[in-house]
Amino acid sequence: MGLYSTLFLTLLLITTACNGDKGNSTKSDGEKITLKMMHLWPDSNNSAQNKMVKEIIREFEEDNPNITIKTEVLENEQYKSKLKVLAASNDLPDIGFTWAAGFMDPYVRGNKFAAMDDLLQDELKGKFVAGTTEGYSFDGKTYALPVELNIVPVYYNKVIFSEFNLQPPQTLDDLKAIIRTLNNNGITPVTLGGKDGWPASFWYMYLADRIGGPDLMDKAVADQDFTDPSLLEAARQVQELVNLNTFIKGYNGLSNDEAKVQFMNGKSAMFVTGTWELPDFTTTTNIAQEFKVNIGYFKFPTVEGGKGNVDDWVGGPGTGLFVSKNSKHALEAKEFVSFFVQKWGEHSVVNAGVIPATKVDTAAIKLPQMFIDLLNELNKANKVTLYLDTQMKPVASTIHMNQIQALFGEAVTPEEFIKKQDDALKADK
């Protein structure tokens, strides 16, 4: 779920966010300081992000002449490996990137990252989309700050919907009626890459949220207790959708990329996936405009009598910035993190096609309407629930992916699915 398309635009983003400049606290005649930073966007394959990092560093050094940011750039897997080695030898860089929840857990327990709550209570207060910092919080303290964010809409083909006089559904019953109509007319309702596990988990998570409310899954993982009746009802609803022939033939053998092709070729009416696909649906130059203008989105519908609402989203942050607990210049490192988060929020949408974790003022952005609409959805989100496979620790996460596939393949009953997931959470200390 960390796949991002690159979007190049020449427009400037005007926001009301402050620029994070705290030059008064680090005057040019102060002590000369070098801060070491590691990141994971090499120029070769992430040129837009790489360029953005360089520009933010340039602006910060210009505002703070006594501070130099020295960077080391590694590819994703190399980065993860080196981070482990450096943590083990107590030699982490002053500033680096981490992933949320389960990935962070050993670093936090090992006292490797500094708490960031002072920034959240000061200049970054109210800057983040609701729910995005929670994945970086442990025992009431926040140990990293996210820069990227994705949510999961239901994309749909407007031509297919129009052909059969269909409107985006407001309730799950509406969605089931749409599925029946499409099937009766020989149209595949939904494409799904069940082979990868996590795309199917989106469906389960939305059903659980809409039935049991926005705190249901967070509480289940935190309490290591997957026995809430709403979680079972969500599993039952999954299999009801399966039995309605909701999903493309052979979905449990398709990867997410293969499922995406089916949607982009007009062979399926709906596709539930993250906003990392949004550039391909709006602005990517080598994709036919005819396809792009025919794609819309809707929020996952509510369930009658359920506790969730349409402004609850499945999604979550990508990477977040940490400051090493052992940094000799923690104050300046935090100052840079604050500056970086805000500047990234200003530039990322138009320069890299990346949705930031901070709120964006879309009033002056000249982008496709669906892009702007989804940014606005983020700004008013009631809750963004972090992907279950990211929330869970490694063993329970693997079992979740396997059991989701089994649930969608009807290889387990809903009751068996709940028991195996509950056992996995309780065992994965």
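Each remark here, short or long, concerns the structure printed above.
Here is what the cut-offs are and how they apply
Residues numbered from 1 in each chain as written. Predicted model: local features only at pLDDT ≥ 70, side-chain atom pairs only at ≥ 80, totals over all residues. Heavy atoms only, no water. Axes fitted to C-alpha atoms, helices over the stretch in contact; angles between N-to-C directions. Helix = DSSP H or I, 4+ residues; strand = E, 2+ residues; numbered from the N terminus. Parallel < 35°, antiparallel > 145°, perpendicular 65-115°, else oblique. Left-handed = near helix turned anticlockwise from the far one by under 90°. Contact = heavy atoms within 4.5 Å. Nonpolar A, V, L, I, M, F, W, Y, C, P; charged D, E, K, R; others polar. Phe/Tyr/Trp six-rings, centres within 6.5 Å; stacked < 30°, edge-to-face > 60°. Buried < 20%, exposed > 50% of the residue type's maximum accessible area, 1.4 Å probe, protein only. Core = buried A, V, L, I, M, F, W, Y, C linked by side-chain atoms within 4.5 Å. Expected span 1.5 Å × (residues − 1). Polar contact = N/O pair within 3.5 Å; in protein donor to acceptor, adjacent residues only side chain to side chain. Salt bridge = Lys/Arg side-chain N within 4 Å of Asp/Glu carboxyl O.

Peer 1: Quick one: what's the story with the packing of helix 9 (residues 229–243) against helix 17 (residues 414–427), residue by residue and with numbers?
Peer 2: The interhelical angle for the contact between helix 9 and helix 17, taken along N-to-C directions, is 135°, at an axis separation of 9 Å. In terms of axis orientation, helix 9 runs oblique to helix 17. Like other packed secondary-structure pairs, helix 9 and helix 17 cross with a definite hand, here right-handed. The residues of helix 17 that touch helix 9, namely those facing L231, L232, A235, R236 and Q239, are P414, E415, F417 and I418.

Peer 1: Tell me about the packing of helix 7 (residues 198–212) against helix 16 (residues 394–408), and name the residues and values.
Peer 2: At a closest axis distance of 9 Å, the pairing of helix 7 and helix 16 adopts a crossing angle of 75°. Considering their axes alone, helix 7 and helix 16 lie roughly perpendicular with respect to each other. Judged by residue contacts, W198, A200, S201, W203 and Y204 of helix 7 engage H400, M401, I404, L407 and F408 from helix 16. Of the residues belonging to the contact of helix 7 with helix 16, the class tally is eight nonpolar, two polar and no charged.

Peer 1: Now, about the packing of aromatic side chains: what can you tell me, with residues and values included?
Peer 2: Taken as a whole and assessed by the stated rule, the structure comprises 33 aromatic pairs. Ring geometry for F202 against W276: centres 6.5 Å apart, planes inclined by 55°, an arrangement best described as tilted. Of this pair, F202 sits in helix 7 while W276 sits in the loop between strand 10 (268–272) and helix 11 (278–282), placing them 74 residues apart in sequence. Summarising the burial analysis for this pair, F202 and W276 share the class buried. Seen from their ring centres, F263 and F271 are 5.7 Å apart, and the 45° between their planes marks the pair as tilted. F271 sits in the buried class, given a relative accessible area of 1%.

Peer 1: So what about the nonpolar core? Which residues, and what values?
Peer 2: Counting 144 residues, the largest nonpolar core has M37, W203, Y204, M270, F340 and F408 as its most contacted members. Per-element accounting of this core gives the leading share, 10 residues, to helix 7. The contact partners of F408, leaving out residues within four places of it in the chain, are L192, A200, W203, V238, V242, F247, Y251 and N252.

Peer 1: Tell me about helix 9, and please be specific about residues and values.
Peer 2: Taking 1.5 Å as the rise per residue, helix 9 with 15 residues should run 21 Å; its terminal C-alpha atoms sit 21 Å apart, in good agreement. Within helix 9, the full set of buried residues consists of S230, L231, L232, A234, A235, Q237, V238, Q239, L241 and V242. Turning to helix 9, the residues buried within the fold contact helix 6 (172–184), helix 7, helix 8 (216–223), helix 16 and helix 17. N-cap assignment for helix 9: the residue whose side-chain oxygen lies 2.8 Å from the backbone N of S230 is D228. Downstream of helix 9 by a residue or two, N245 has a phi angle that is positive, lying close to 60°.

Peer 1: Give me the lowdown on the pattern of salt bridges, citing residues and values where you can.
Peer 2: On inspection of all chains with the given rule, the structure shows 20 salt bridges. Among the ionic pairs, R236 bridges to E415, the shortest N-O distance being 2.9 Å. Placement of R236 in helix 9 and of E415 in helix 17 is noted, with a sequence separation of 179 residues between them. K419 is the salt-bridge partner of D423, the closest N and O atoms lying 2.8 Å from each other. Residue D423 and its partner K419 are both found in helix 17; the two are separated by four residues, about one turn of the helix. You can call D423 partly exposed: its relative accessible area is 37%. According to the relative accessible area criterion, K419 is exposed, its value standing at 53%. Linked by salt bridges that have partners in common, K299, D311, E377 and K380 make up one network.

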